[in-house]
Amino acid sequence: MRPSSFVVFALAVAAAGAQAQDARRGRQVYETQCLSCHYERVHERAPERSSVHSLEELRKEVALRAGLTGRPFTQEDLDDITAYLDQSHYRFTK
């Protein structure tokens, strides 16, 4: 990679990481893409029955489940779905 290409790449990565997660958009994506396979109450399991106990585990679970669908989710989709689920059900971030 040429130095100028590296700078452009680094700036693109930094800009992508700086984007805020959009829980409202995450809800829209979740409702149109995820509810066809399961209902939302699945996120209301008792903590001892859930595999999600942290924000990082929620991110991993969202990515895993999205990958199983075969649908073309973007990283932004996954981040926004995670933000929505955290805000609406899990509440790891206050």
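Here, every reference points to the structure presented above.
Residues numbered from 1 in each chain as written. Predicted model: local features only at pLDDT ≥ 70, side-chain atom pairs only at ≥ 80, totals over all residues. Heavy atoms only, no water.

**Student:** Kindly report on the packing of aromatic side chains, identifying the contributing residues and their values.
**Tutor:** Using the criterion set out here, one finds two aromatic pairs in the structure. Measuring from ring centre to ring centre gives 5.6 Å for Tyr30 and Tyr84, while their planes differ by 50 degrees; the resulting arrangement is tilted. Remark: Tyr84 occurs in helix 4 (residues 75-90) and Tyr30 occurs in helix 2 (residues 23-33); sequence separation between them is 54 residues. We note that Tyr30, like Tyr84, is buried. Ring geometry for Tyr90 versus Phe92: centroids 5.8 Å apart, planes at 15 degrees, classification stacked. With a relative accessible area of 29%, Phe92 lands in the partly exposed category. (Phe/Tyr/Trp six-rings, centres within 6.5 Å; stacked < 30°, edge-to-face > 60°. Helix = DSSP H or I, 4+ residues; strand = E, 2+ residues; numbered from the N terminus. Buried < 20%, exposed > 50% of the residue type's maximum accessible area, 1.4 Å probe, protein only.)

**Student:** Let's hear about the packing of helix 3 (residues 55-69) against helix 4: which residues, and what values?
**Tutor:** Contact geometry of helix 3 with helix 4 gives a least axis separation of 10 Å together with a crossing angle of 125 degrees. Comparing the axis directions of helix 3 and helix 4 gives the class oblique. Regarding helix 3 and helix 4, the two cross each other, and that crossing is right-handed. Residues Leu55, Leu58, Arg59, Val62, Ala63 and Ala66 of helix 3 lie in contact with helix 4, whose contacting residues are Leu78, Ile81, Thr82, Leu85, Asp86 and Tyr90. Across the contact of helix 3 with helix 4, the residue classes break down as nine nonpolar, one polar and two charged. (Axes fitted to C-alpha atoms, helices over the stretch in contact; angles between N-to-C directions. Parallel < 35°, antiparallel > 145°, perpendicular 65-115°, else oblique. Left-handed = near helix turned anticlockwise from the far one by under 90°. Contact = heavy atoms within 4.5 Å. Nonpolar A, V, L, I, M, F, W, Y, C, P; charged D, E, K, R; others polar.)

**Student:** Provide a residue-level description of helix 3, including the pertinent values.
**Tutor:** Over its 15 residues, helix 3 runs 21 Å from end to end, which matches the ideal 21 Å to within 8%, given 1.5 Å per residue. Among the residues making up helix 3, those that are buried are Leu55, Leu58, Glu61, Val62 and Ala66. For helix 3, the buried positions fall inside an angular range of 130 degrees around the axis, keeping them on one side. For helix 3, the exposed residues set more than 90 degrees away from the buried face come down to Lys60, Gly67 and Leu68. (Expected span 1.5 Å × (residues − 1). Arc of directions from axis to C-beta.)

**Student:** Outline helix 4, supporting the account with residue identities and numerical values.
**Tutor:** Looking at helix 4, one finds that the buried residues are Asp77, Leu78, Asp80, Ile81, Thr82, Ala83, Tyr84, Leu85, Asp86, His89 and Tyr90. On its buried face, helix 4 is in contact with helix 2 and helix 3. In the stretch just after helix 4, Arg91 is the one whose phi turns positive, near 55 degrees.

**Student:** Explain the pattern of salt bridges to me, and be specific about the residues and the numbers.
**Tutor:** For the coordinates displayed, the defined rule picks out five salt bridges. Here Arg27 makes a salt bridge to Glu31, at a shortest N to O gap of 2.8 Å. Of this pair, Arg27 and Glu31 both sit in helix 2, four residues apart, which is roughly one turn of the helix. With a relative accessible area of 44%, Arg27 lands in the partly exposed category. Across the pair Glu61 and Arg65 runs a salt bridge, and its minimum N-O distance is 2.7 Å. Here Arg65 and Glu61 lie together in helix 3, a separation of four residues that amounts to about one turn. Here the residues in one salt-bridge network are Arg25, Asp77 and Asp80, joined through shared partners. (Salt bridge = Lys/Arg side-chain N within 4 Å of Asp/Glu carboxyl O.)

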